[in-house]
Amino acid sequence: MNLEALYNPGNVICNYLNIHNDHRFILRLFVNLTYYGHIAVGLALLYSRHINF
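Counting from 1, residues in each chain are numbered in the order their sequence is written. The predicted origin of the model limits local features to residues at a pLDDT of at least 70 and limits the giving and counting of side-chain atom pairs to 80 or more, whereas totals for whole chains, interfaces and linings rest on all residues. With hydrogens and water excluded, all non-hydrogen atoms of the structure serve as input to the side-chain values.

(A) Broad picture of the packing of aromatic side chains. Each Phe, Tyr or Trp ring, with Trp reduced to its six-membered ring, pairs with another whose centre is within 6.5 Å; inter-plane angles below 30 degrees give stacked pairs, above 60 give edge-to-face pairs, and intermediate values give tilted ones. In the structure shown here, the tally under the stated rule is 1 aromatic pair. An angle of 75 degrees between the planes, with centres 5.1 Å apart, marks the rings of Y35 and Y36 as edge-to-face. A simple rule labels every residue: compare its accessible area, found with a 1.4 Å probe on the protein chains alone, to the largest value its type can have, and call it buried under 20%, exposed over 50%, or partly exposed in between. When its relative accessible area of 37% is taken as the criterion, Y36 is described as partly exposed.

Below, the structure written as structure tokens:
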């Protein structure tokens, strides 16, 4: 497994699909925002369940 897939999955997918130029930027942006968005929501969910307000 490529270690870059953990911190920059958009770049790995673009390399796999052989995408270049502006399309590469848009796909990387979408994939990375989705990936890190899911991580952020997961952390917020864990935080909200373990902290009593």
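Here the narrative resumes.
(B) Local environment of the packing of helix α2 (residues 9-17) against helix α3 (residues 21-50). Here an angle of 0 to 180 degrees is reported between the N-to-C directions of two axes, which are lines fitted to C-alpha atoms, with helices fitted over the stretch in contact. Working definition: helices are DSSP H or I runs of at least four residues, strands are E runs of at least two. Numbering for both runs from the N terminus. As a packed pair, α2 and α3 sit with axes 7 Å apart at the nearest point and diverge in direction by 135 degrees. Taken together, the axis directions place α2 and α3 in an arrangement best described as oblique. Here α2 runs over α3; the crossing is right-handed. Contact residues: P9, G10, N11, I13, C14, N15 and L17 in α2; R24, L27, R28, V31, N32 and Y35 in α3. In this classification, the charged set is Asp, Glu, Lys and Arg, the nonpolar set is Ala, Val, Leu, Ile, Met, Phe, Trp, Tyr, Cys and Pro, and all remaining amino acids, among them Gly, are polar. When grouped by side-chain class, the residues that make up the contact of α2 with α3 number 7 nonpolar, 4 polar and 2 charged. Convention used here: angles under 35 degrees read as roughly parallel, angles over 145 as roughly antiparallel, angles from 65 to 115 as roughly perpendicular, and any remaining angle as oblique. It is the rotation of the near helix from the far one that decides the hand of a crossing: anticlockwise by less than a right angle makes it left-handed, clockwise makes it right-handed. Throughout, a contact is declared for two residues whenever any of their heavy atoms are within 4.5 Å.

(C) Structural view of the side chain of E4. As for its placement among the helices and strands, E4 is situated in helix α1 (residues 4-7). For the purposes of these results, a polar contact is taken to be a pair of N or O atoms within 3.5 Å, where, inside protein, one atom must be able to donate a hydrogen and its partner to accept one; residues adjacent in sequence count only when each atom of the pair is a side-chain atom. Reaching out from E4, the side chain makes a polar contact with the side chain of N11 at a distance of 2.7 Å. Setting aside residues no more than four positions away along its own chain, E4 makes contact with P9, N11 and V12.

(D) Representation of a nonpolar patch on the surface. A grouping of L3, L6, Y7, Y36, I39, L43 and L46 is seen on the molecular surface, where their side chains present a nonpolar patch of about 730 Å² in accessible area. Among the secondary structure elements, those contributing two or more residues to the nonpolar patch are α1 and α3. Element by element, the count of residues in the nonpolar patch is highest for α3, at 4 residues. Locating Y7 in the fold gives a position in helix α1. Residue Y7 is classed as exposed on the basis of its relative accessible area of 52%. To count toward a patch, a residue needs a relative accessible area over 30% and no salt bridge; like charges are then connected within 9 Å, while nonpolar side chains (Val, Leu, Ile, Met, Phe, Trp, Tyr) are connected within 5 Å. All accessible areas in this document rest on Shrake-Rupley with a 1.4 Å probe, and a residue is counted as covered only by the protein chains that are shown. A carboxyl oxygen of Asp or Glu within 4 Å of a side-chain nitrogen of Lys or Arg is what we treat as a salt bridge.

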